[in-house]
Amino acid sequence: MKIEILGTGCAKCTALEENAKVAISKIGGFHQVVKVDDIMKIMEYGVVSTPGLVVDGVVKSTGKLLNPIEIEELLK
Amino acid sequence: MFDWWDKLTALFVYNILGLEQKSAMAEALHFFLYDTIKIWILLITIIFVVSYLRTHFNTEYVRAYLQGKSEFTGNVLAALFGIVTPFCTCSAIPLFLGFIQARIPIGVTFSFLISAPLNNEIAIALLFGIFGWKVTAIYIGFGLLVAILGGYIIGKMKMEKYILMDVKPMEGELEDVQIKLTFKDRVKEAWEYTIDIFKKIYIYVLIGVGIGAFIHGYVPADFIATYTGGDTWYSVPLAVIMGIPMYSNAAGVMPLVEVLTSKGMLLGTALAFMMAVTALSLPEAMILKRILHTKLIALFFTIVGIGIICIGYIFNTIL
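Residues numbered from 1 in each chain as written. Chains lettered and ligands numbered in written order. Predicted model: local features only at pLDDT ≥ 70, side-chain atom pairs only at ≥ 80, totals over all residues.

Caption draft 1: Region of interest: the overall build of chain A. Scanning chain A from N- to C-terminus turns up three helices and four strands. Helices and strands in chain A line up, N terminus first, as β-α-β-α-β-β-α. In summary, chain A has a C-alpha radius of gyration of 11 Å against a globular reference of 11 Å for 76 residues, a match within 12%. Sorting the 76 residues of chain A into buried and exposed places 42% on the buried side. Looking at chain A alone, contacts between residues at least 24 apart form 60% of all its contacts between residues at least 6 apart. (Helix = DSSP H or I, 4+ residues; strand = E, 2+ residues; numbered from the N terminus. Rg over C-alpha atoms; globule rule 2.2 N^0.38 Å. Buried ≥ 20, exposed ≤ 12 C-beta atoms within 10 Å, placed from the backbone. Contact = placed C-beta atoms within 7 Å.)

Now the structure itself:
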């Protein structure tokens, strides 16, 4: 899976990236976490409230700092 | 609503601690205990209710809804959405650009950008807890008026050229990215958010009420009126200017305002101050500066500032 964290560098975005990494380490396997801070790319996903979480090109969450357990749910 | 708590704290201060009735120390302590707990309970309740409502709205949904609305209708709707949409200053840039991308007029975007922080859950909860529902309703009502008119005026001034980033308007209609949640999920999310906010602000309430309690007990009743001039012409603009750098401390500032009004500060001045605290935030201006020309930001602050000052004067005159 390719997990993208959309955010322009606010504290919540960094925290979401960390939580995503924790979630991935729990489910195992090879997955990629990419931080997207290019505002144009963020808008291509139609997201206007950061941080956003995108899994394989699909927007799963916006404007929320999810905890690792919630992210795990989204990845299943 | 909190009479029982008033009596209980009075009982504690006067009977159990045995402090003398009417002494400054006893009055201050009674006020402190009563007010802190009252505000805490109201904060938790109201933030929970507001954040539950907000799980039904997200900014992406609002954007899809506002797309293609005519200008004045758009301003009104954007201001109303500002009450129920979760908003964080840190996502002001994607919000602004995303709205423009959806061909939402810049004035409508500003209506939202004025209304959302003005009607933030902390300010509403504190206002309700401290001044009651009437003042809260007045605050929200006139806040909406500032947001609608402010955005409308900015929209009429043709400021599009002051957006520093080139956004390609999208073709066609937007599909909103709605994420489905169950009732249980919404309650859980709202509750976690409430606790999160409460942890961040309870200490400011404590400090604010603490200073307030001191003034309540030790400073004479007409102090403000006597020494700073309760109704001099410059008190409203001064209150607005003082409110600008205080955004992050709204939780501590508001309990103080309560005490200041009881010591002679006029309600219009207090209202203008509180609106300036929430609507004119320096951090937001700094963030927007990355995509907007200083001229546009200055215009934004000036129009909202003038609006708030007018409201302050109106209230000082009629109340």
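Still more ground to cover, so stick around.
Caption draft 2: Expanded view of the overall build of chain B. When helices and strands are tallied, chain B shows 14 helices and zero strands. Sequence-ordered secondary structure for chain B, helices as α and strands as β, is α-α-α-α-α-α-α-α-α-α-α-α-α-α. Its C-alpha atoms give chain B principal-axis dimensions of about 75 × 50 × 30 Å. Expressed as a percentage of its 319 residues, the buried residues of chain B come to 46%. Put simply, 88% of the contacts in chain B that link residues at least 6 apart link residues at least 24 apart.

Caption draft 3: Molecular detail of the nonpolar core. Residues and elements named next belong to chain B. In this structure, Leu126, Ala272, Met274 and Ala276 are the most contacted members of the largest nonpolar core, which totals 106 residues. No other element matches helix α7 (residues 121-156), which puts 17 residues into this core. Residue contacts for Ala272: discarding those within four places in its chain leaves Val236, Ala239, Val240, Ile308, Ile309, Ile311 and Gly312. (Core = buried A, V, L, I, M, F, W, Y, C linked by C-beta atoms within 7 Å.)

Caption draft 4: Focus on the packing of α7(B) against helix α11 (residues 250-262) of chain B. Residue and element names in this part refer to chain B. Between α7 and α11, the shortest axis-to-axis distance is 10 Å and the interhelical angle comes to 20 degrees. Considered as vectors, α7 and α11 are oriented roughly parallel to each other. As for how α7 packs across α11, the hand of that crossing is right-handed. Contact residues: α7 offers Ile122, Ala123, Leu126 and Ile130, while α11 offers Ala250, Ala251, Met254, Pro255 and Glu258. (Axes fitted to C-alpha atoms, helices over the stretch in contact; angles between N-to-C directions. Parallel < 35°, antiparallel > 145°, perpendicular 65-115°, else oblique. Left-handed = near helix turned anticlockwise from the far one by under 90°.)

Caption draft 5: Region of the structure containing the packing of α11(B) against helix α12 (residues 267-279) of chain B. Residues and elements named next belong to chain B. One can describe the packing of α11 onto α12 by two numbers: an axis separation of 10 Å at closest approach and a directional angle of 175 degrees. Judged by the angle between their axes, α11 and α12 are roughly antiparallel. Side by side, α11 and α12 meet where Ala250, Val253, Met254, Val257, Leu260 and Thr261 of the first sit next to Leu267, Ala270, Phe273, Met274, Val277 and Thr278 of the second.

Caption draft 6: Spatial organisation of the environment of A:Val36. Residues and elements named next belong to chain A. Along the chain, Val36 turns up in strand β2 (residues 32-36). Its 21 C-beta neighbours within 10 Å are what place Val36 among the buried residues. Sequence separation between Val36 and Val47 is eleven residues, and the spatial gap between their C-alpha atoms is 12 Å. When residues no more than four places from it in sequence are discounted, the contact partners of Val36 are Glu4, Ile5, Leu6, Lys41 and Ile42.

Caption draft 7: Seen up close, the interface of chain B and chain A. Taken together, the 16 residues of chain B in the interface contact 15 residues of chain A. Elements with a contribution of two residues or more to the side of chain B that touches chain A: α3 (59-66) and α5 (92-101) of chain B. The leading source of residues in the side of chain B that touches chain A is α5(B), at six residues. Counted by class, the side of chain B that touches chain A contains nine nonpolar, five polar and two charged residues. (Nonpolar A, V, L, I, M, F, W, Y, C, P; charged D, E, K, R; others polar.)

Caption draft 8: Seen up close, helix α14 (residues 294-318) of chain B. Residues and elements named next belong to chain B. Across its 25 residues, α14 extends 36 Å between first and last C-alpha, which sits within 8% of the 36 Å expected from 1.5 Å per residue. Those residues of α14 lying buried are Leu296, Phe300, Ile303, Val304, Gly305, Gly307, Ile308, Ile311, Gly312, Phe315 and Asn316. At its buried positions, α14 is contacted by α6 (106-118), α7, α10 (235-243) and α12. (Expected span 1.5 Å × (residues − 1).)

Caption draft 9: Quick look at the confidence of the model for chain A. Residues of chain A with pLDDT of at least 70 account for 100%, and the chain-wide mean is 87. Model confidence for chain A, summarised as mean pLDDT per element, is weakest for helix α2 (residues 39-44) of chain A at 84 and strongest for strand β1 (residues 2-6) of chain A at 92. (pLDDT = per-residue confidence, 0-100.)

Caption draft 10: Region of interest: the confidence of the model for chain B. A residue-level look at chain B finds 92% of positions with pLDDT of 70 or above and a mean pLDDT of 84. Note on the complex model: pTM 0.83, ipTM 0.75.

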